[in-house]
Amino acid sequence: MELKIYNSLTRQKQALKPINNTVNYYFCGPTVYWFQHIGNMRAFFVMDSVRRAVKYLGYHINHVMNITDVGHMTSDADEGEDKMEVASKREHKTPEEIAKFYWDLCYRDMKDLNIETPEHICPATSVIDDIIAFVQQILDNGYGYITENGVYYDTSKCPNYGALGGMNQNEKQFGARIEVDEFKRNPADFVLWVKAKDNHIQRWNSPWGVGYPGWHIECSAIGNKFLGEHIDLHGGGVEHKTVHHENEIAQNYAKCGHQVVDIWFHLEHLMFNGGKMSKSTGGIYTLTQIKEKGFSPMDLRYFYLTAHYSKPQNFTFEALNNAKESLNNLKKLLIKHKNGQNAIEKAKIDELKNKFASFVADDVNSPLALSVVWDALKNHPDSVDIYNLVLDFDRFLGLKLSEVKEEKEIIPENIIAIAEKRKQARLNKDYAESDKLRDEISALGYTILDKPKNEYEIIKSK
Ligand code: AMP
Ligand code: ZN
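Residues numbered from 1 in each chain as written. Chains lettered and ligands numbered in written order. Predicted model: local features only at pLDDT ≥ 70, side-chain atom pairs only at ≥ 80, totals over all residues. Heavy atoms only, no water.

*Asks:* Hey, could you run me through the environment of Leu164 in this one?
*Replies:* With respect to the helices and strands, the residue Leu164 is situated in the loop between β7 (150–153) and α5 (172–177). Since its relative accessible area comes to 0%, Leu164 is described here as buried. Along the backbone, Leu164 and His269 are 105 residues apart, and their C-alpha atoms lie at a distance of 18 Å. Excluding residues within four positions of it along the chain, Leu164 makes contact with Ser8, Leu9, Arg11, Lys241, His245, Glu246, Ile249, Trp264 and His266. (Helix = DSSP H or I, 4+ residues; strand = E, 2+ residues; numbered from the N terminus. Buried < 20%, exposed > 50% of the residue type's maximum accessible area, 1.4 Å probe, protein only. Contact = heavy atoms within 4.5 Å.)

Written as structure tokens, this is what we have:
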């Protein structure tokens, strides 16, 4: 089935048209200067949902995610200080140590949330040569200029600059966001390579002096390195629409002379206390804190699944608790089906399968896909066919449903003690005592089943 995604650039749903059935997929990764909170994790959950949708519908995937470990200023529009440098001073560590520490934590949380690892994960600092070559091409093709501060992109040269964010370059927003820079030709121009001040820690040699890359160039260079000049699908947080992705489009156009990305998609934010969950405004939770409050990563994943990626999702503990309860109920029904003796007609299974796939194919609609799971589990007689069907759905859901086990009855210790005494009596061939102890266990609501070699099993009496 064909996957359609809402393209933020054309503002309509568009079918993927991959070459050789392999979807080239790029998603903007984390800036590794601080803990990633569950808002950030919603972004990576969406990255994973789209990846799983692609695979569920039968395409192959080549997925790239960058790690920003240099050049991302405290404002996305190149203002302020480099976030890595800020963290470095705060924690008295090198930028490399900061990057490793926070990336390791981020990756651990991704694994906990059952987020599949992209085929390529690439830190910006590992591809400085590629970035320099990309900037050089932009200059050679006449889209950049050199100033005392570094190398800039000339947005007046780029046709349709601003189309993604729905602005044109003369609009005030750009000027308002960007620090007055006397060397810039147009307010929307952005930096490709920054000449490093004396105290800047991260620095590399370049044809334009010692410095470091601007933030936006890494995604163009990394996308180009691993995916070439055709990217089927490119995603990221909605705040990237107006600056970061706009600039990526411009950079790609300057180097390749054509649009590189077919479909741009953007996820809306996780909200908390009336605003976006964010490091700068406070009020954040990390996955570790969520676990400390008694929730599992799969509870959080179920919670994420209940909202469409293109809508903001409000985080409350009540909502997370509802998700936890729903997931528990889902697991109980699943186990009933696992042990079910009924057969379900193939036509019915196919109908449910088709419905599920059509919701996945229609802009990755996870809430509607979940509704088919409930329909399958609740409205059919207990059957292993339904169990197998829901495990197939889990290739998209990612809830680790194949690991769900029947909860073993916990047998109280006093019952085990009587059973052990009885075992001893049987070994001593004291059958009267053994029968008496069996009755004692029965009276307490348990049944003892004898097994070969004097072993036994205790079950709760029905
Ligand atoms: P950062 O590490 O700040 O670059 O953010 C990593 C990813 O998390 C980006 O794709 C952001 O768009 C995304 N993000 C940040 N805050 C939220 C939020 N509250 N809800 C959803 N995504 C977010
Ligand atoms: Zn990016």
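*Asks:* Even after reading the chapter, I still don't get the pattern of salt bridges, so can you show me in this structure?
*Replies:* Pairs may arise between side chains of opposite charge once their charged atoms sit close together. Applying the stated criterion to the full structure yields 28 salt bridges. Notably, a salt bridge pairs Glu116 with Arg52, separated by 3.9 Å at the nearest N-O pair. With Glu116 in the loop between α3 (95–112) and β5 (120–123) and Arg52 in helix α1 (residues 38–56), this pair connects stretches of sequence that are 64 residues apart. A relative accessible area of 6% means that Arg52 is categorised as buried. Note that Glu457 and Lys451 form a salt bridge whose closest N and O atoms lie 2.8 Å from each other. What makes Glu457 partly exposed here is its relative accessible area of 33%. What emerges from the salt-bridge pattern is a single network uniting Asp48, Arg51, Arg52, Lys55, Glu116, Glu119 and Arg301. (Salt bridge = Lys/Arg side-chain N within 4 Å of Asp/Glu carboxyl O.)

*Asks:* I'm lost on the domain arrangement of the protein chain in this one. Help?
*Replies:* Size of an interface: often given as the accessible area lost when the parts come together. Per the domain assignment, the segments of the protein chain are domain 1 (4–267), domain 2 (287–403) and domain 3 (413–460). Distance from the C-alpha centre of domain 1 to the C-alpha centre of domain 2: 33 Å. Counting from both sides, the interface comprises 27 residues of domain 1 and, opposite them, 33 residues of domain 2. For the pairing of domain 1 and domain 2, the buried interface totals around 2500 Å² over both sides, and the portion due to carbon and sulfur atoms is 58%. Looking only at domain 1, the three residues that lose the most surface to domain 2 are Ile38, Arg42 and Tyr56, adding up to 31% of its buried area. (Domains from an automatic or database assignment. Buried area = accessible area lost by both parts, 1.4 Å probe.)

*Asks:* For this particular structure, what's the right way to read the confidence of the model for the protein chain?
*Replies:* For any part of a model where pLDDT is low, the fine detail of the predicted coordinates should not be relied upon. Summing up the model confidence of the protein chain, the mean pLDDT is 93 and the portion of residues at 70 or higher is 95%. Counted against residues more than four places away or in other chains, residues 172–178, with its pLDDT under 50, gives 19 contacts. (pLDDT = per-residue confidence, 0-100.)

*Asks:* Is there a simple way to explain the site of ligand 1 in this structure?
*Replies:* With respect to spatial proximity, 17 residues lie near ligand 1, and among them Thr31, Gly39, Glu239, Leu270 and Met277 are the closest. A distance of 3.0 Å is found between an oxygen atom of ligand 1 and a side-chain nitrogen or oxygen belonging to Asn40. Here a nitrogen atom of ligand 1 and a backbone polar atom of Leu270 are 2.7 Å apart. In the complex, 95% of the free accessible area of ligand 1, which totals 490 Å², lies under the protein chains. If you tally residues by element for the shell around ligand 1, the top one is α1, at four residues. Broken down by class, the residue content of the shell around ligand 1 amounts to six nonpolar, eight polar and three charged. (Near = heavy atom within 4 Å. Polar contact = N/O pair within 3.5 Å; in protein donor to acceptor, adjacent residues only side chain to side chain. Areas by Shrake-Rupley, 256 points an atom, 1.4 Å probe, with all protein chains shown as cover. Nonpolar A, V, L, I, M, F, W, Y, C, P; charged D, E, K, R; others polar.)

*Asks:* Any chance you could explain the packing of aromatic side chains here in plain terms?
*Replies:* Within this structure, the stated rule accounts for 25 aromatic pairs. A ring pair is formed by Phe27 and Phe44, whose centres lie 6.4 Å apart and whose planes are at 65°; its orientation type is edge-to-face. Here Phe27, found in strand β3 (residues 22–27), pairs with Phe44, found in helix α1; they are 17 residues apart in sequence, far enough to count as distant. Each member of the pair, Phe27 as well as Phe44, carries the same accessibility label: buried. Among the aromatic residues, ring-to-ring pairing joins Phe45, Phe272, Tyr285, Phe295, Phe303, Tyr304, Phe315 and Phe317 into one connected group. We note Lys93 situated over the ring of Phe101; from NZ or CZ to the ring centre the distance is 4.4 Å. (Phe/Tyr/Trp six-rings, centres within 6.5 Å; stacked < 30°, edge-to-face > 60°. Lys NZ or Arg CZ within 6 Å of the ring centre and 35° of its normal.)

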